[in-house]
Structure formats: C-alpha cells, structure tokens
Amino acid sequence: MNASEYFPPVGTNPLGGRLVRLESVGSTNDYAWQLALDGAEHGLVVVADRQTGGRGRRGRSWLSPPGTNLAFSMLLRPTSLAPDAVPPLSLVAAAALLSCLREDVPDLSIKWPNDLYCGDRKLAGILAEMRLKGRETEFVVVGIGLNVNSGADDWPPELAVTAVSMFQAVGRKFDLDEILQRFLSSFNDGYHDYCRQGLRGSVRRILTEASYLAGRRVSVVVNGRSISGTAGDIDEQGRLLVYDDHGVCWPVAAGEATVANMEAF
Ligand code: BTN
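Thresholds, definitions, all that
- Residues numbered from 1 in each chain as written.
- Predicted model: local features only at pLDDT ≥ 70, side-chain atom pairs only at ≥ 80, totals over all residues.
- Heavy atoms only, no water.
- Core = buried A, V, L, I, M, F, W, Y, C linked by side-chain atoms within 4.5 Å.
- Buried < 20%, exposed > 50% of the residue type's maximum accessible area, 1.4 Å probe, protein only.
- Helix = DSSP H or I, 4+ residues; strand = E, 2+ residues; numbered from the N terminus.
- Domains from an automatic or database assignment.
- Contact = heavy atoms within 4.5 Å.
- Pairing = 2+ DSSP bridges.
- Axes fitted to C-alpha atoms, helices over the stretch in contact; angles between N-to-C directions.
- Near = heavy atom within 4 Å.
- Polar contact = N/O pair within 3.5 Å; in protein donor to acceptor, adjacent residues only side chain to side chain.
- Areas by Shrake-Rupley, 256 points an atom, 1.4 Å probe, with all protein chains shown as cover.
- Nonpolar A, V, L, I, M, F, W, Y, C, P; charged D, E, K, R; others polar.

Q: Can you help me understand the nonpolar core in this one?
A: It is characteristic of soluble globular proteins that their nonpolar side chains tend to be buried jointly. In terms of nonpolar packing, the biggest core is built from 64 residues, with M74, L101, L146, F183 and F187 touching the most fellow members. At 11 residues, the largest contribution of residues to this core is made by helix 2 (residues 89-101). When residues of this core are assigned to domains, at least three fall in each of domain 1 (3-209) and domain 2 (217-259). Residue contacts for M74: discarding those within four places in its chain leaves L15, L44, V45, V140, V141, V142, I144, F183, L184 and F187. Residues L22, V25, A32 and L44 belong to the second largest nonpolar core, which totals 13 residues.

Q: I'm lost on the sheet that holds strand 11 (residues 240-243) in this one. Help?
A: Within a sheet, neighbouring strands are paired by backbone hydrogen bonds and run either parallel or antiparallel to one another. Strands sit in the order 12-11-10-9-13 across an open sheet of five strands; the sheet is antiparallel. Unpaired on one side and paired on the other, strand 12 (249-252) and strand 13 (256-259) mark the two borders of the sheet. Averaged over all pairs of adjacent strands, the angle between their axes in this sheet comes to 45 degrees, without regard to strand direction. Two strands pair when backbone bridges link them, and strand 9 (residues 217-222) and strand 13 are joined in this way by four bridges, in the antiparallel orientation. The residue bridging S219 from the neighbouring strand is T258, located in strand 13.

Q: How should the site of the ligand be read in this particular structure?
A: Taken together, 20 residues sit near the ligand, with S27, Q51, R55, R57 and K122 positioned nearest. A distance of 3.0 Å separates a nitrogen atom of the ligand from a polar side-chain atom of T28. Within the side chain of K122, a nitrogen or oxygen atom sits 2.6 Å from an oxygen atom of the ligand. Compared with its free state, where it exposes 420 Å², the ligand has 99% of that area covered by protein. Taken together, the elements giving at least two residues each to the shell around the ligand come down to helix 1 (28-37), strand 4 (70-76), strand 7 (121-133) and strand 8 (136-146). For the shell around the ligand, the leading source of residues is strand 7, giving four residues. Looking at side-chain class alone, the shell around the ligand contains six nonpolar, 10 polar and four charged residues.

So this is what it looks like as structure tokens:
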C-alpha cells in the first residue's frame, strides 16, 4: 500500500509530527486505528490520495475523487478527556476547519454534529471513532474528508446537488499539503483549548457564530424517537438545543439533524 513517512524536525507542530502518506488505502481511519493498536503516538496523521472504502457516519460511504481532495485521519490520545467528553472533538475539528478556511471560502458554517457547509452544501465531513480502556479513553481517531479541488463532473449525480468543493466555491485550485498543514495548526490550538477548558473558549464562540442549524426547523432522531422543533445554540457539552412547539428545550447529545424540506446527507 505504498506508505511513505515523513518525520519533520523536532519543534514543529505535534499534530502531524509523524505523517504517513498513502497512495491508496481502504480507509485512513482504519489504517490509523491499526497503527494506534500497534502503539503509535498521539499526533500521528495518515493521509491518502485515494480511499477504496472511505467511511462516513452511520454506515455510509465517503466518496472522493482520487488526488483532488483531502482524506486524512489524526490519532489523538486525550488522556485528560473522559469518554463522554470525546464526541465534541468533532465540533472542535469542524471549528478548526472553519477558522482555517474562512479567509478563502465564503459562507462557511458548521452543521452539528460534524459537518462543514458552504452555503447549503457539504464541504467536509468528520468521522470520530474512539477506543475505550475500561472506563477511560484509550485513543480517538478523527477522520476528515474535505472537498478541495474536485469539480462538478467528479461527483456522482446524487452528490452533485448536495456536495461542494473549495474549487467550486471560489473558482481556483488549492495546494492540498498547505491546506492540511493549516488545518493541523488550527486544530492543534482548538484541541488544547478544548482539553483545558471544554467548550467554553474559542471553539464555542465559533460554534455559536457559525451554526448552520440555529434558528432553523429541524427534526432529530434520538434513540429511534423523532424530535421536531427549532434549533438553538450548542451547549457546553456539545449538545444541540432543540426547542419544540411547546417551548420545551431538548438537549440532543447525538443524532442526525434533518432540516425541514431537506434530506440528511
Ligand atoms: C461523514 O460525513 O459522514 C463523515 C465523513 C468522513 C470521511 C473521512 S475521509 C478520511 C477518513 N477516512 C474515512 O474512511 N472516513 C474519514
């Protein structure tokens, strides 16, 4: 599977301190997971030109034309985070993406719990997976698919209307490595901020300012039950607050929010 490894000089960003580049892999999340089981250290990043079995949330697949977009996974060993504090790392990653891209790409927002949108289309998806050791967090793999340089013709018809790339949004191509490094630096800051003070610091501000769902009518399925109402803010535990038609607030910890008149994707 053509792995090449890059160890930058000591003193550079600890995330990506060990960067494994693959021409082709099933899923970068699976590859990083295996390296984690083998003892790889916090900060490992696995990036691939092509994924043959890219995975999304809820058993969906993640399609990305080879060589044009970013598909990568980061290994985190957040010793200070209890397992229930791990899911908001998807929001931390989304906030880091938004803050490192917003100078280049207009109209970015974060769709709870794990998507970056440009306008009404999905620009990036995040898949965070965790392994427990007893009651503690052993490691987390955060995988990101970011649509960078793909064009309209690169998508299958069903994705052409729901997905967008940075190229499509602004009409120019981007250097994948430069975007990756920018993201790692941004995520590094957000990650440490989150480990120190949870969703109270800079990450929360971004989530509040740039929420795709706030004020929209949504349905959220929680444990098989559908809750409909108006989305509010994201609270300090990373839960989406949904206000039903009686004004009752439902803090939703996990699930999939569908905007009225829109399919979840
Ligand atoms: C989603 O939107 O449902 C999440 C998509 C996550 C895709 C990325 S691409 C890199 C990493 N490897 C995978 O198999 N999935 C994630």
